[in-house]
Amino acid sequence: MMLEKTFQPEKVEAQHYEQWEQSGVFGAHPESNKAPFTIMMPPPNVTGSLHLGHALNTTLQDIMVRYHRMTGRDTLWQPGTDHAGIATQMVVERNLGAEGINRRDMGREKFIEKVWEWKAYSGGTITSQLRRLGASPDWPRERFTMDEGLNKAVRRVFVQLHKQGLIYRDKRLVNWDPKLHTAISDLEVVQKETKGHMWYIKYPIEGSTERFITIATTRPETMLGDTAIVVNPEDERYADLVGKFAILPIVGRPIKIIADDYVDKEFGTGAMKVTPAHDFNDFEVGKRHNLEVINILDINARINENGPEEYQGMDRYEARKKILSELEAQDLLEKVDSITNSVPYGDRSDVVIEPFLMDQWYVDAKTMAKPAIEAVRTGKTEFVPKSWENTYYHWMENIQPWCISRQLWWGHQIPAWYGPEGTIFVEETEEEALAAARKQFGEDVRLERDEDVLDTWFSSALWPFSTLGWPEKTPELAKYYPGDVLTTSFDIIFFWVARMMMMGIHFMGDVPFKKVYIHALIRDAKGQKMSKSKGNVIDPLDLVEKYGADALRFTLTAMAAQGRDIKLSDDRVEGYRNFATKIWNSARYCQMNQCIPDVNFDPQSVTATPNKWVVDQVTELSTAISKGIESYKFNDAATAIYQFIWGTFCDWYLEFTKPIIQSEGHPLAEETRKTTAWVLDQALLLLNPFMPFITEELYNEMAERPLNKMLISSEWPDYPATLKAPAAVEEMNWMIRLITEIRSVRADMNVPAAAKINLLVKGANAATQERLKTYEEIICRMARLETIGLTADAPKGAIQSVVDEATIILPIADIIDLDKERARLRKEIEKLNAELTKIHTKMADEKFVKNAPEEIIEEQRSRQANFESTLNKLSQALKQLEAA
RNA sequence: GCGCGAUUAGCUCAGCGGUAGAGCAACUCGUUUACACCGAGUGGGUCGGGGGUUCAAUCCCCUCAUCGCGCACCA
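Reading the values: rules and limits
- Residues numbered from 1 in each chain as written.
- Chains lettered and ligands numbered in written order.
- Predicted model: local features only at pLDDT ≥ 70, side-chain atom pairs only at ≥ 80, totals over all residues.
- Heavy atoms only, no water.
- Pairing = 2+ DSSP bridges.
- Helix = DSSP H or I, 4+ residues; strand = E, 2+ residues; numbered from the N terminus.
- Axes fitted to C-alpha atoms, helices over the stretch in contact; angles between N-to-C directions.
- Buried < 20%, exposed > 50% of the residue type's maximum accessible area, 1.4 Å probe, protein only.
- Near = heavy atom within 4 Å.
- Polar contact = N/O pair within 3.5 Å; in protein donor to acceptor, adjacent residues only side chain to side chain.
- Nonpolar A, V, L, I, M, F, W, Y, C, P; charged D, E, K, R; others polar.

1. Describing the sheet that holds strand β9 (residues 228–231)
So, point 1. Spatial strand order, β10-β11-β9-β12: four strands in an open sheet with mixed pairing. Looking at the sheet topology across the chains shown, the edges are occupied by β10 (245–247) and β12 (271–274). When strand polarity is set aside, the average angle formed by the axes of neighbouring strands in this sheet is 30°.
So, point 2. Where β9 and strand β11 (residues 254–259) come together, four bridges link them in parallel fashion. Within the sheet, the bridge partner assigned to V230 lies in β11 and is I258.

What follows is the structure, encoded as structure tokens:
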């Protein structure tokens, strides 16, 4: 069956994928004695769908996995999904809300059932989308962060860290999300620059009707919870007020004026109100001075019973308005400035976060970060590109206690039970908690489990070992931990990478991965971050449908240069779709010319120079690709194979060999056909990790393969050094130079493409003469010539040019435009002179001759000689024309 | 305020001590039976500015500018 004219990805992608998956090639083999290669897939949100970041990340991982699998490593690419606590709960709540149902009315158990239903419904979406991209992880090992085994790991980790004092319960200010009704971690808070106001408020001094102390605030509503005013101890303006009391307006409470270094004399009025329950800094000041902590908000950020009666139940912003108008009425509002300040928002809820005093569970991140920092310092784990290590250090060295409890229902429930007299029992199971309680109280007591669940990232932090069966001692754990590389995006270094490092080192005694490859961020063609609100999101599946998965993969790979964002546009994908078509057509050509792969073919046996050359180029290519993949320079690998297939193979090799293959009974025909087929086969093999579908399809189409072997399970080639053919490379490079020069001159001089003209060569050395004879047919064909001859003198009115030592002459006096040819020659001569001037200056510089390495000087000498020789020949040609 | 990155052909980007590259776009030519999703060719750059190191700087160092991104501060 002859191949179609173009590759139609939609016709074969699904079929090949199914075949791969069914065959089990994706699977790891813990029992084998091959060295492992392990990648833990960052688990996408189970109910999410694929975006371009996933597509890029998946493609790069798949390239590494396919490559290492081919090189004979026992490869484990561990897939799975994340339960994404807040995000998923929000979606389900929204869905229920549309039906008019509130989760609280429904009850916890019922609600969680609903979430599992939602997971069952939408949970396959993203994994099937990963399949569309051609990803080849070990699907039967797929895990979910909420599955049984992972839950066990979570409980074990929580209990052990608690017993070691690394998890504890504490009453501190947390970041409270008044919409989602949960605490969130520092990382889930985003600071947004917001236009706001600075209000200057006068607080009357107790016992005086004249004196006031003016404070500045951006959040006047919090004054209801003020318990002090603080000034700098050095500030003379207020020195006499320290120790006195001010009367809190509206509330009427006397609050003490205290002194603390924290206050900046220059800022605002130099006097600051202190609200320990509603500001992180105020909380610290309050602790130092034993101030009363008055919480004035409820979980909805409405004024609670601690506020004045007429404010109770009022939303924080309404309260602000009312307070301001009251202050104004009392003439206590001194002035208002418009300012821009940053305001904390919840990254999921997009509402303003309130600092809120609560009991929560914390991980002692500071302690756990120490060995994790050390591991990167000593190079046990390395970031690629290395510059991300600074980001990692900076965060890890300033790490805060990690608040891990969330007031949600969807997630791992905290394994802590509360008993009488404020006792807490942290155990892996209820039975153990009951037993511990019985031991303490000497009788059975009633326990109540902590209602809260853990931060999603707590379970993802265990991913590199929990997926391998921990806490059981499994063969997988022994073999595949630590992983080789973790591939992810920079925005997740803190959320995930850092936490995996801490947990992995603590529980496994070793880092979770040896390398962290941080890939680029994908933006739209204008360089803007893609976001739903901007409407500039490109759906990777649309691109797959339009251009094929291979084209999308190759585009992302070719653009994945280290340390730079990717600006993606359809044009780029289209270009690489064209590349796929090019490969397809080269295969079609092979097929039409009976270039059929022969399993017995030995590239070592080729005799013809073009064949030796192309074999040499294949070995170069394989080295370049391996190097690219192994050093995470995926774009270099992609460029190398693109240039080989389109340039070396299609533009030159196939053209060089057409005269051999297409003439009857040529003695080299057989060898050349087999070489051609072999080269295509190698190209398919080397391209397979990047473009798995088209290569598999062509591999399948080009020949019957023994045992129906698939390309995906072929071995990565290891070519012997004996395939190198430097002489052949030199010879073919000369051919390329010669043909290119003739074509260029022809086009410059407007010689019609159809005009078959003669070529005369002057001053050719013996080797060149030999080559001209050997490749006469090829040269004639590719440069559109009639004959090639040698000459001692150029005829009048000919075009002349130079290739190496030889002058090439196109005697076409009848069609040549002499003025144009003169102009062309002058231009060439000018260029050469410019180069020669540069070299002369250099060579005349004593310091250069004295200091530069010999080889550099030698190089300049040889360039000079070449330029001079060419210059002479062209000058002679010009002279001849001018004489004419 | 601190830090990181970017600034190279019209566009998107490689390169990173010693001849400045690619893809796309532009222009010219071409229905030479693998491919017009193609072929052949051409033009286009004092490598952001200024200083320094070096025999030699697009590349290393300093500085400035512009853009982007983190982090911190914000009473």
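Text resumes after the structure shown.
2. With respect to the pairing of strand β28 (residues 799–803)
Two faces make up the sheet, and in a regular strand the side chains alternate between them.
So, point 1. Counting buried residues in β28 gives five out of five residues, a clear majority hidden from the surface.
So, point 2. Alternating positions in β28 separate into two faces, I799, S801 and V803 on one and Q800 and V802 on the other, with burial throughout.
So, point 3. By the bridge criterion, five bridges tie β28 to strand β29 (residues 806–810) in an arrangement that is antiparallel. Looking at the pairing, V802 lines up with T807 of β29.

3. Some points on the sheet that holds strand β27 (residues 785–791)
So, point 1. Strand order in the open sheet formed by four strands is β27-β26-β29-β28, with mixed pairing between adjacent strands. In this open sheet, the two edge strands, each paired with only one partner strand, are β27 and β28. With strand direction ignored, the average angle separating the axes of adjacent strands in the sheet is 25°.
So, point 2. Pairing between strand β26 (residues 757–762) and β27: six bridges, direction parallel. Opposite L760, over in β27, you have G789 as the bridge partner.

4. Overview of the protein's contact with RNA strand B
So, point 1. Taken together, 51 residues sit near RNA strand B, with A216, S342, R564, T581 and W646 positioned nearest.
So, point 2. Per the 4 Å cut-off to the protein, sugar and phosphate atoms form 58% of the nearby atoms of RNA strand B.
So, point 3. Interatomic distance of 3.0 Å between a backbone N/O atom of N585 and a base nitrogen of RNA strand B.
So, point 4. A distance of 3.3 Å is found between a phosphate oxygen of RNA strand B and a side-chain nitrogen or oxygen belonging to K842.
So, point 5. Within the residue set of the surface near RNA strand B, elements represented by two or more residues are β7 (189–204), β8 (212–217), β13 (333–346), α18 (570–592), α20 (634–662), α23 (726–748), α27 (846–851) and α28 (854–883).
So, point 6. In terms of residues, the surface near RNA strand B owes the most to one element, α18, which gives ten residues.
So, point 7. Split into classes, the residues belonging to the surface near RNA strand B amount to 16 nonpolar, 16 polar and 19 charged.

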